[in-house]
Amino acid sequence: MVEMTRRDTLGLVAGAAASAHVTPLTAQSGLASLGAVGAQVGVLFGSAFDREIFQDAPYRTLIARECRIGTTENSLKFGWLRPRGPTADFAIADEIVAYAERNRIALRGTALVWNDWNPTWINRHSPSELGALLDRHIDETVTRYRGRLHSWDVVNEPFFPPHRRAGGFRKGPWFDALGKDHIFRAFRRAAKADPTVKLTLNEGFCEQEDELGKSVRPLLLRLIDEMQHAGVPLHAVGFQAHLKPQLPFDDAAFQAYLNEVARRGVEIYITELDVDDSGLPDDVAERDRRVAQRHHDFLKAVLAVPQVKAVIAWHLSDKYSWYRTVDWFRQEVRRHGGDPMRSARTHIYDDQLVRKPAWTAVESALAGRRA
Ligand code: XIL
């Protein structure tokens, strides 16, 4: 159950007032932000955001209010910087980095290397050309923001055993051309370009107690060990935490796993927190309650690990839920017997930027870290 504290109750009251057509941020402005609550317990709390903040002023205000840390959702990814060819357009990324600085939001860049979501033009290149392209991409991008970012996801999602590649690696242009060496190469190159930024290895699925989660965990640990043994600079490990309550999970087992990672002397970040609600009931109140509970129970377990230094939601509002943009999501809702036309309610604020029970759940889990 989500534990209710006095601050929680106030949050719910403010939420109710806001839905009665009081401007949400005004109604809630007397309350602590999650960023402030996190700061009291040594956790940077924040969210992913991207170019929508330049069109959506209320959301921009909300991001600035709640976040001590942020992640560029897309604008620093290879395919967004270089959609049509090797020459990059940094215009939007520049604006986002400047916005974060003006608002004193520590910014994470994601991701220098990801074997998913790459533009098709890179498929025309030979392995040696791809190696040169990887080096150039890292040199240009990391150097451009040198000294201004909190951390870089140097490599995102290295593993996906269902792809049946040797070592359980994810298939894609970088791995298929360069093998697992591209991971070591990318970290070394990034460290040269910015010796101050924290270099992060980011992975998904590990909190799942299913075949996929249980297969990725040991692979990731072994990769960390190999990198450290080879002297590759690695400062942090990120866990996405796109939580899926419809799959088996065991928060105590995941906590034990995080302790294993922590013993390697790296920081740990929860990098993309949200709750996939495709398997939850249509009823909005019940769905919101289950999304809140999953946020709470997961965070309570992971925040007990002292090396967890940051918690980043993958957006603050349902309005910008990435589940609303992917084609598999409605099929998943249908498969679980839900109404495929319903809107995903995967985040801690609703479409009107009113706090949901999940906000209270996150606040309670953060505040509970002291105990
Ligand atoms: C997603 C973005 O949210 C989408 O807007 C984009 O179309 C695709 O990428 N795991 C990750 C993130 O590592 O980078 C993904 O972000 C979500 C899943």
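Conventions and cut-offs
Residues numbered from 1 in each chain as written. Predicted model: local features only at pLDDT ≥ 70, side-chain atom pairs only at ≥ 80, totals over all residues. Heavy atoms only, no water. Helix = DSSP H or I, 4+ residues; strand = E, 2+ residues; numbered from the N terminus. Rg over C-alpha atoms; globule rule 2.2 N^0.38 Å. Buried < 20%, exposed > 50% of the residue type's maximum accessible area, 1.4 Å probe, protein only. Arc of directions from axis to C-beta. Polar contact = N/O pair within 3.5 Å; in protein donor to acceptor, adjacent residues only side chain to side chain. Near = heavy atom within 4 Å. Areas by Shrake-Rupley, 256 points an atom, 1.4 Å probe, with all protein chains shown as cover. Nonpolar A, V, L, I, M, F, W, Y, C, P; charged D, E, K, R; others polar. pLDDT = per-residue confidence, 0-100. Contact = heavy atoms within 4.5 Å. Expected span 1.5 Å × (residues − 1). Axes fitted to C-alpha atoms, helices over the stretch in contact; angles between N-to-C directions. Parallel < 35°, antiparallel > 145°, perpendicular 65-115°, else oblique. Left-handed = near helix turned anticlockwise from the far one by under 90°.

A. The arrangement of the overall build of the chain in detail. In terms of regular secondary structure, the chain is built from 14 helices and nine strands. The C-alpha atoms of the chain give 20 Å as radius of gyration, which agrees with the globular expectation for 371 residues (21 Å, within 12%). Each of the three principal axes of the chain carries a C-alpha extent, and together these read 60 × 40 × 40 Å. A buried classification covers 57% of the 371 residues belonging to the chain.

B. Seen up close, helix H4 (residues 57–66). All of the buried residues along H4 are Tyr59, Leu62, Ile63 and Glu66. Burial along H4 is one-sided: seen end-on, the buried residues are contained in an arc of 100°. A side-chain oxygen of the first residue of H4 lies 3.1 Å from the backbone nitrogen of Tyr59; this N-cap is Asp56.

C. Main features of the site of the ligand. As a structural note, the neighbourhood of the ligand is formed by 13 residues, with Glu73, Asn74, Lys77, Asn156 and Glu272 the closest of them. In this structure, an oxygen atom belonging to the ligand sits 2.5 Å away from a side-chain N or O atom of Glu73. Between the ligand and the protein, one listed contact pairs an oxygen atom with a side-chain N or O atom of Asn74 at 3.0 Å. Considered on its own, the ligand offers 410 Å² of accessible surface; in the complex 89% of this is hidden by protein. In terms of residue class, the shell around the ligand is built from five nonpolar, four polar and four charged.

D. Focus on the confidence of the model for the chain. Confidence in the prediction for the chain averages 93 pLDDT; 91% of positions are at 70 or higher. Confidence over residues 1–29 falls short of pLDDT 50; this stretch has 45 contacts with residues more than four positions distant or in other chains.

E. Here's a closer look at the side chain of Gln240. Mapped onto the elements, Gln240 comes out in the loop between strand E6 (236–239) and strand E7 (242–243). Judged by relative accessible area, which is 5%, Gln240 ranks as buried. The residues contacting Gln240, other than those within four sequence positions of it, are Asn156, Glu157, Asn202, Glu203, Gly204, Ile270, Thr271, Glu272 and Leu273.

F. Layout of helix H6 (residues 91–102). Taking 1.5 Å of rise per residue, 12 residues should cover 16 Å, and H6 covers 17 Å from first to last C-alpha, within 8% of that figure. For H6, the set of buried residues is Ala93, Ile96, Val97, Tyr99 and Ala100. The buried residues of H6 occupy one face: seen down the axis, they fall within an arc of 160°. On its buried face, H6 is in contact with strand E1 (44–49), H4, strand E2 (69–72), helix H5 (78–81) and strand E3 (106–114). Once H6 ends, the next one or two residues include Arg104, with phi positive near 50°.

G. Up close: the environment of Ile92. You can see Ile92 is positioned in helix H6. Beyond its immediate chain neighbours, meaning those up to four positions away, Ile92 contacts Arg51 and Ser75.

H. Representation of the packing of helix H9 (residues 181–193) against helix H10 (residues 211–229) in the model. Here H9 crosses H10 at 55°, and the two axes come no closer than 11 Å. The orientation of H9 with respect to H10, classified from their angle, is oblique. Between H9 and H10 lies a crossing of right-handed hand. Of H10, the residues touching H9 (which contributes Ile183, Phe184 and Phe187) are Leu223, Glu226 and Met227. Among the residues making up the contact of H9 with H10, the classes are represented as five nonpolar, no polar and one charged.

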